[in-house]
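# Descriptive analysis of the structure
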Protein chains: 2
Amino acid sequence: MRFPEPLERLVEELQRLPTVGPKTATRLAFHVLSAPNVQVEALARALLDVKSRLETCVRCGNLSDGQLCALCRDSRRDASVLCVVATARDLMALEKTREFNGLYHVLGGLISPLDGVGPGELRIGALLERLDRESPTELVLATNPTVAGEATALYLHRILSGRPIRITRLALGLPVGSDLEYADEVTLGRAFAGRREIF
Amino acid sequence: MRFPEPLERLVEELQRLPTVGPKTATRLAFHVLSAPNVQVEALARALLDVKSRLETCVRCGNLSDGQLCALCRDSRRDASVLCVVATARDLMALEKTREFNGLYHVLGGLISPLDGVGPGELRIGALLERLDRESPTELVLATNPTVAGEATALYLHRILSGRPIRITRLALGLPVGSDLEYADEVTLGRAFAGRREIF
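What comes next concerns the included structure. Remember, predicted model here, so these are calculated numbers, not experimental data.

## Notes on the pairing of strand β3 (residues 78-85) of chain A
Residue and element names in this part refer to chain A.
- Of the strand pairs in this sheet, β3 and strand β4 (residues 102-106) are connected by five bridges, and their pairing is parallel. Within the sheet, the bridge partner assigned to valine 84 lies in β4 and is histidine 105.
- Handedness of the β-α-β unit built from β3, helix α5 (residues 88-97) and β4 comes out right-handed.
- Pairing analysis gives four bridges linking β3 to strand β5 (residues 138-141), with the strands arranged parallel. Bridge assignment links valine 81 to a residue of β5, and that residue is glutamate 138.

## So, the packing of helix α6 (residues 124-134) of chain A against helix α7 (residues 147-160) of chain A
All names here are of chain A.
- Axis separation between α6 and α7 bottoms out at 12 Å; the angle between their running directions is 40°. Our classification of the angle between α6 and α7 gives oblique. The element α6 and its partner α7 pack so that their crossing is right-handed. The residues of α7 that touch α6, namely those facing Ile124, Leu127, Leu128 and Leu131, are Tyr155, Leu156, Ile159 and Leu160.
- The class makeup of the residues in the contact of α6 with α7 is eight nonpolar, no polar and no charged.

## Quick look at the relation of the copies chain A and chain B
- Superposing chain A onto chain B requires a rotation of 180° together with a translation of 0.0 Å along the rotation axis, leaving an RMSD of 0.0 Å. When the rotation and shift are considered jointly, the pair of chain copies conforms to a two-fold rotation axis. Every residue of chain A has its C-alpha some distance from the rotation axis, and the shortest such distance is that of Ala44(A), at 2.2 Å.
- Of the interface residues in chain A, 100% have counterparts in chain B that sit at the interface too, so the contact is made through matching surfaces.

## Describing the interface of chain A and chain B
- Taken together, the 49 residues of chain A in the interface contact 49 residues of chain B.
- When the two sides are added together, the surface that chain A and chain B hide from each other amounts to roughly 4,800 Å², 74% of it contributed by carbon and sulfur.
- Where chain A meets chain B, there are four salt bridges.
- With a closest N to O distance of 3.0 Å, Arg53(A) and Glu5(B) form a salt bridge.
- Inspection of the region where chain A meets chain B yields 12 residue pairs in polar contact (both at pLDDT 80 or more).
- At the level of secondary structure, the elements contributing two or more residues to the side of chain A that touches chain B comprise α1 (5-15), α2 (22-34), α3 (37-53), β2 (63-64), α4 (70-73) and α5 of chain A.
- Take the side of chain A that touches chain B: its biggest share by element is 14 residues, from α3(A).

## A word on the sheet that holds strand β5 (residues 138-141) of chain B
Residue and element names in this part refer to chain B.
- Taken in spatial order, the four strands of this open sheet run β4-β3-β5-β6, and their pairing is parallel. Of all the strands in the sheet, the pair left with one neighbour each is β4 (102-106) and β6 (166-169). Strand-to-strand twist in this sheet, taken as the mean axis angle between neighbours without regard to direction, amounts to 25°.
- Set on the sheet, helix α5 (residues 88-97) makes contact with β3 (78-85) and β4; between it and β4 the angle comes to about 160°.

## Focus: the packing of α3(A) against helix α1 (residues 5-14) of chain B
- Interhelical geometry of α3(A) versus α1(B) gives an angle of 150° and a closest axis separation of 8 Å. Comparing their axes, α1(B) and α3(A) come out roughly antiparallel. Handedness of the α3(A)/α1(B) crossing: left-handed. Contacts from Gln39(A), Ala42(A), Leu43(A), Ala46(A), Leu47(A), Asp49(A), Val50(A) and Arg53(A) in α3(A) reach Glu5(B), Pro6(B), Leu7(B), Arg9(B), Leu10(B), Glu13(B) and Leu14(B) in α1(B).
- Of the residues contributing to the contact of α3(A) with α1(B), the split by class is nine nonpolar, one polar and five charged.

## A look at the sheet that holds β3(A)
Residue and element names in this part refer to chain A.
- Across the sheet, which stays open at both edges, the four strands sit in the order β4-β3-β5-β6 with parallel pairing between neighbours. Single-partner strands in this sheet number two, and they are β4 and β6 (166-169). Neighbour to neighbour, the strand axes of the sheet diverge by 25° on average, direction disregarded.
- Across four bridges, β5 lies against β6 in parallel orientation.

Parameters and conventions
Residues numbered from 1 in each chain as written. Chains lettered and ligands numbered in written order. Predicted model: local features only at pLDDT ≥ 70, side-chain atom pairs only at ≥ 80, totals over all residues. Heavy atoms only, no water. Pairing = 2+ DSSP bridges. Helix = DSSP H or I, 4+ residues; strand = E, 2+ residues; numbered from the N terminus. Right-handed = clockwise from strand over helix to strand, strands pointing away. Axes fitted to C-alpha atoms, helices over the stretch in contact; angles between N-to-C directions. Parallel < 35°, antiparallel > 145°, perpendicular 65-115°, else oblique. Left-handed = near helix turned anticlockwise from the far one by under 90°. Contact = heavy atoms within 4.5 Å. Nonpolar A, V, L, I, M, F, W, Y, C, P; charged D, E, K, R; others polar. Least-squares fit on C-alpha atoms with pLDDT ≥ 70 in both. Buried area = accessible area lost by both parts, 1.4 Å probe. Salt bridge = Lys/Arg side-chain N within 4 Å of Asp/Glu carboxyl O. Polar contact = N/O pair within 3.5 Å; in protein donor to acceptor, adjacent residues only side chain to side chain.

Structure representation (structure tokens):
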């Protein structure tokens, strides 16, 4: 015997969460034990609801609590600019900046042959259909500045090159608040190459 | 809008857990989102079960899945030695050592006037009744070597001093694997005072 069975099982289940080891799981389980019933019930319900009530927006692929996501339902968003992201998390990160008022298209991943992800696994067909149907004027390829992200952006750029649409990419450069001295050389090189007039 | 409502709510509920901030909660919530349904359901069930199926052992105060805990039900345990601990967690820590084969008594806390916890708030009355009923020969006061733990042990020692029972306390000294150079002086002093013959 280590813990009584229900507690032992909770510790086990908590350990399946990322970055939760035996010690953290035990600490969390004991917290649950002493937490008010309503709070634990709310957590359990929230866990189940996320699985049962969330779906994928049929238009942009974002997480959604209905057929269309909150962004696609919002008529104030500018449908002429489409921002292509790998995941719904990236979309949410961009939304937090409040810099962008257009619509999104979630690919559902990045091209990565080593992981067995080719263009066919991503929502690229749906993107082409959207371009035909909605004909936006600009496409922002907001995939990560990583090998897989660059490969995906390049691939998209190539297959879209015939179309009369402006294709852009997020700026590369120094992170705000960072220190030039500690920037890696690739980033610093890109920041130099991408230098702009002071306005 | 930040996240769709069910996701936002899960992030909120997860944040009520100790050491889980907004970033961790978001990471966990997205993990839940992509985890298999059965796994999430098992976690939700385990959370609810811990609250509904666990009770307190009527005899020793340990966490239990029945009226008596697994330890009190186990006839192989030696009822002549009783180990007094502050919490069920302390009991479980001691059980992991496999050093002790007696029974426990969980006080449910430590005497701490600043926190408003006096002897009346602890299961001390139940301990006295057990001593009368079960008449063990030794009582190990395994409360923490802290101010509150020492105060509780001293208090118990005083109210039990008339009884024909051996009262012991856990040894204080250097932790195994530690470095003498880095030991704090109080611990080192106790280790010195408590030195033993090599056997």
